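Each chain, written out:
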Amino acid sequence: MSEQFSRWDPVDQLQSEEDMAMYLDACLEEDPGDGSVVRAALNDIARAQGMTQLAKATGITREGLYKALSPAGNPEFSTILKVIKALKIKLHASAGGEPLATA
């Protein structure tokens, strides 16, 4: 008997606004500094919410959102902020971690 595997999609787990916020928060922590993990998380959250609805809320075309949030995308920070605001997610800053090294 062979095992059957199905592709795991995080979108299936993003059922509530709290789920989405916690997912993005975890991805912010894990991002290597290039925005790739955050961009992927926003793509997942956008798909969970509905890309068409998000396009209307941000004023960005669906195609533009798909491109900006794709692995090859390089969205401007203003685009990220529009997406986060339209998704009704708030970003918060807090002190912590190691200070920057000085020369």
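Above this text is the structure in question.
The rules we used
- Residues numbered from 1 in each chain as written.
- Predicted model: local features only at pLDDT ≥ 70, side-chain atom pairs only at ≥ 80, totals over all residues.
- Heavy atoms only, no water.
- Helix = DSSP H or I, 4+ residues; strand = E, 2+ residues; numbered from the N terminus.
- Buried < 20%, exposed > 50% of the residue type's maximum accessible area, 1.4 Å probe, protein only.
- Areas by Shrake-Rupley, 256 points an atom, 1.4 Å probe, with all protein chains shown as cover.
- Lys, Arg positive; Asp, Glu negative; His and termini not counted.
- Charge placed at Lys NZ, Arg CZ, Asp CG, Glu CD.
- Core = buried A, V, L, I, M, F, W, Y, C linked by side-chain atoms within 4.5 Å.
- Contact = heavy atoms within 4.5 Å.
- Axes fitted to C-alpha atoms, helices over the stretch in contact; angles between N-to-C directions.
- Parallel < 35°, antiparallel > 145°, perpendicular 65-115°, else oblique.
- Nonpolar A, V, L, I, M, F, W, Y, C, P; charged D, E, K, R; others polar.
- Salt bridge = Lys/Arg side-chain N within 4 Å of Asp/Glu carboxyl O.

Student: Before we go on, may I ask you to explain the overall build of the protein chain in this structure?
Tutor: Broken down by element type, the protein chain carries five helices and zero strands. When the helices and strands of the protein chain are listed from N to C terminus, the series reads α-α-α-α-α. Taken along the three principal axes of its C-alpha coordinates, the protein chain extends 60 × 45 × 25 Å. The proportion of buried residues among the 103 residues of the protein chain is 31%. For the protein chain, the exposed area adds up to about 7,800 Å²; of that, 52% sits on carbon and sulfur atoms. Across the protein chain, the centroid of the 10 positively charged side chains sits 13 Å from that of the 15 negatively charged ones.

Student: For this particular structure, what's the right way to read the nonpolar core?
Tutor: Soluble globular proteins: nonpolar side chains tend toward being buried together. Of all hydrophobic cores here, the largest spans 20 residues; its most connected members are Leu24, Leu42, Ile45, Leu54, Leu65, Leu87 and Ile89. Counting residues per element, the ones that place at least two in this core are helix H1 (17-30), helix H2 (36-49), helix H3 (51-58) and helix H5 (77-86). A total of five residues in this core trace back to one element, the largest contributor, which is H2. If we skip the residues at most four places from it in the chain, Leu42 touches Leu24, Leu69, Ile80, Val83, Ile84 and Leu87.

Student: Looking at this structure, I do not really get the packing of H2 against H3. What am I missing?
Tutor: The relative placement of two packed helices comes down to the angle between their axes together with the axis-to-axis distance. Contact geometry of H2 with H3 gives a least axis separation of 6 Å together with a crossing angle of 105 degrees. By the angle between their axes, H2 is roughly perpendicular relative to H3. On the side of H2, the interface is formed by Asn43, Ala46, Arg47 and Gln49, while H3 contributes Met51, Gln53 and Leu54. Partitioning the contact of H2 with H3 into residue classes produces three nonpolar, three polar and one charged.

Student: Sorry, what's going on with the environment of Ala26 here?
Tutor: Structurally, the position occupied by Ala26 is in helix H1. According to the relative accessible area criterion, Ala26 is partly exposed, its value standing at 41%. For the pair Ala26 and Ile60, spaced 34 residues apart in the sequence, the C-alpha separation amounts to 26 Å.

Student: Where do I start with the pattern of salt bridges in this structure?
Tutor: Where charged atoms from two side chains of opposite charge approach closely, those side chains can pair. Per the counting criterion, the structure on display carries two salt bridges. One salt bridge in this structure joins Asp9 and Arg47, with 3.0 Å as the shortest N-O distance. Here Asp9 is found in the segment before H1, whereas its partner Arg47 is found in helix H2, with 38 residues between them in sequence. Assessed through its relative accessible area of 33%, Arg47 is described here as partly exposed.

Student: What should I look at first to understand the environment of Arg62 in this one?
Tutor: Inspection of the secondary structure puts Arg62 in helix H4 (residues 62-68). Considering only alpha carbons, one finds Arg62 and Gln49, 13 residues apart in sequence, at a separation of 13 Å. With residues near it in sequence (within four places) discarded, Arg62 still touches Met51, Thr52 and Ala55.

Remember that the coordinates give geometry; whether it matters functionally is a separate question.
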